[in-house]
Amino acid sequence: NAGVTQTPKFRILKIGQSMTLQCTQDMNHNYMYWYRQDPGMGLKLIYYSVGAGITDKGEVPNGYNVSRSTTEDFPLRLELAAPSQTSVYFCASSYSRDRGINTGELFFGEGSRLTVL
Amino acid sequence: QKEVEQNSGPLSVPEGAIASLNCTYSDRGSQSFFWYRQYSGKSPELIMSIYSNGDKEDGRFTAQLNKASQYVSLLIRDSQPSDSATYLCAVKRSGGYNKLIFGAGTRLAVHP
């Protein structure tokens, strides 16, 4: 029962480098989310997806891109990394109940800790 | 005004006492409310969801919702040291809206 799997768990980037954080879920959930969490702070929504081929911006999308080609995968791309992107990134998924309504009950991955130097 | 506000704490309570955690939200269109617990260095986990005004109980946890006051709370009865964690309040609008917005969290410390 893997749930939501994120890779890598840790990564150090140099300023200006690019990378992709991988996220996959095996629960057949329609909804997937990327959040970032800075030290001592809550979660800020970066991007989310309501199904394959459909993505939308959250609260803090600048500097990031996403794609959703399959139900299972929702990678987060960082272009031109900046120190302000040093954070812990969480991927999450949720499922729909009656009439396709999103329950909002999130299942989280273990997080990816990114440091940009 | 932040969309979801919580006192950052720390909220310190003795073992066996009731811990009361509060959350206010600004969007009157919000329909779904969640409490997540996050241990240090770990990912959040859902402990309660509430959708209607009133109280919802699950074991030692009670969630309370008052939509008129735009207020949701979490009570933890018989607090244990293992309850020491950060509690995050999250809010979702109704229907086709799928954004879940989190508060900054309240750190709870239960001391023996």
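Predicted model, so just to flag it, every value in this text is computed and none were measured.

Visitor: Help me get a handle on the pairing of strand β9 (residues 85-93) of chain B, residues and values and all.
Guide: Residue and element names in this part refer to chain B. β9 sits mainly inside the fold: 7 of its 9 residues count as buried. When strand β4 (residues 30-38) meets β9, the two strands line up antiparallel, connected through 8 bridges. Pairing of Q38 across the sheet is with T86, part of β9. As paired strands, β9 and strand β11 (residues 106-111) are joined by 3 bridges and run antiparallel to one another. By the bridge assignment for β11, Y87 is matched with T106. The pairing of β9 with strand β10 (residues 100-102) spans 3 bridges and is antiparallel. Note that in β10 the partner of V91 across the bridge is I101.

Visitor: Hey, could you go over the pattern of salt bridges for me, with residue numbers and the actual values?
Guide: A complete count under the given rule lists 6 salt bridges over all chains for this structure. For the salt bridge of R36 of chain A with D38 of chain A, the shortest nitrogen-to-oxygen distance reads 2.9 Å. In this structure D38 of chain A comes out as partly exposed when scored by relative accessible area, which is 28%. Of the charged contacts in the structure, one is a salt bridge between E57 of chain B and R77 of chain B, with a shortest N-O distance of 3.5 Å. Taken together, the positions of E57 of chain B in strand β6 (residues 54-58) and R77 of chain B in the loop between β8 (71-76) and β9 put the pair 20 residues apart, joining distant regions of the chain. Judged by relative accessible area, R77 of chain B falls into the partly exposed class, the value being 27%.

Visitor: Residues and numbers for the sheet that holds β8 of chain B, please.
Guide: Taken in spatial order, the 5 strands make up an open sheet running β1-β3-β8-β7-β6 (chain B), and their pairing is antiparallel. Two strands lie at the open edges of the sheet, namely β1 (4-5) and β6 of chain B, each paired on one side alone.

Visitor: Mind laying out the interface of chain B and chain A, listing which residues take part and the relevant values?
Guide: Interfaces are often described in size by the accessible area the parts lose on coming together. Contact with chain B, which involves 19 residues of that partner, is made by 23 residues of chain A. Buried area between chain B and chain A, summed over both chains or domains, comes out near 1600 Å², and the portion from carbon and sulfur atoms is 56%. The interface formed by chain B and chain A contains 0 salt bridges. For the interface between chain B and chain A, the tally reads 8 residue pairs in polar contact (both at pLDDT 80 or more). Listing elements by their share of the side of chain B that touches chain A, those giving two or more residues are β4, β5 (45-50), β9 and β10 of chain B.

Visitor: Let's hear about the state of the cysteines: which residues, and what values?
Guide: Residues and elements named next belong to chain B. The tally for this structure, following the rule as stated, stands at 2 disulfides over all chains. Here C23 engages in a disulfide with C89; their sulfurs sit 2.1 Å apart. Between C23 and C89 the sulfur-sulfur dihedral comes to about -75°; the bridge is accordingly left-handed. Taken together, the positions of C23 in strand β3 (residues 19-25) and C89 in strand β9 put the pair 66 residues apart, joining distant regions of the chain. Overall, the relative accessible area of 1% leaves C23 in the buried class. Given a relative accessible area of 0%, C89 falls into the buried group.

Visitor: So what's going on with the sheet that holds strand β1 (residues 4-7) of chain A? Which residues, and what values?
Guide: Residue and element names in this part refer to chain A. Here we have 4 strands laid out as an open sheet, ordered β1-β3-β8-β7, and antiparallel in their pairing. At either margin of the open sheet sits one strand with a lone partner, and together these are β1 and β7 (64-66). The sheet shows a mean angle of 20° between the axes of neighbouring strands, taken without regard to direction. Where strand β3 (residues 19-25) meets strand β8 (residues 76-78), 3 bridges bridge the pair, whose relative direction is antiparallel. The partner of L21 across the bridge, within β8, is L76.

Definitions and cut-offs
- Residues numbered from 1 in each chain as written.
- Chains lettered and ligands numbered in written order.
- Predicted model: local features only at pLDDT ≥ 70, side-chain atom pairs only at ≥ 80, totals over all residues.
- Heavy atoms only, no water.
- Buried < 20%, exposed > 50% of the residue type's maximum accessible area, 1.4 Å probe, protein only.
- Helix = DSSP H or I, 4+ residues; strand = E, 2+ residues; numbered from the N terminus.
- Pairing = 2+ DSSP bridges.
- Salt bridge = Lys/Arg side-chain N within 4 Å of Asp/Glu carboxyl O.
- Contact = heavy atoms within 4.5 Å.
- Buried area = accessible area lost by both parts, 1.4 Å probe.
- Polar contact = N/O pair within 3.5 Å; in protein donor to acceptor, adjacent residues only side chain to side chain.
- Disulfide = S-S within 2.5 Å.
- Axes fitted to C-alpha atoms, helices over the stretch in contact; angles between N-to-C directions.

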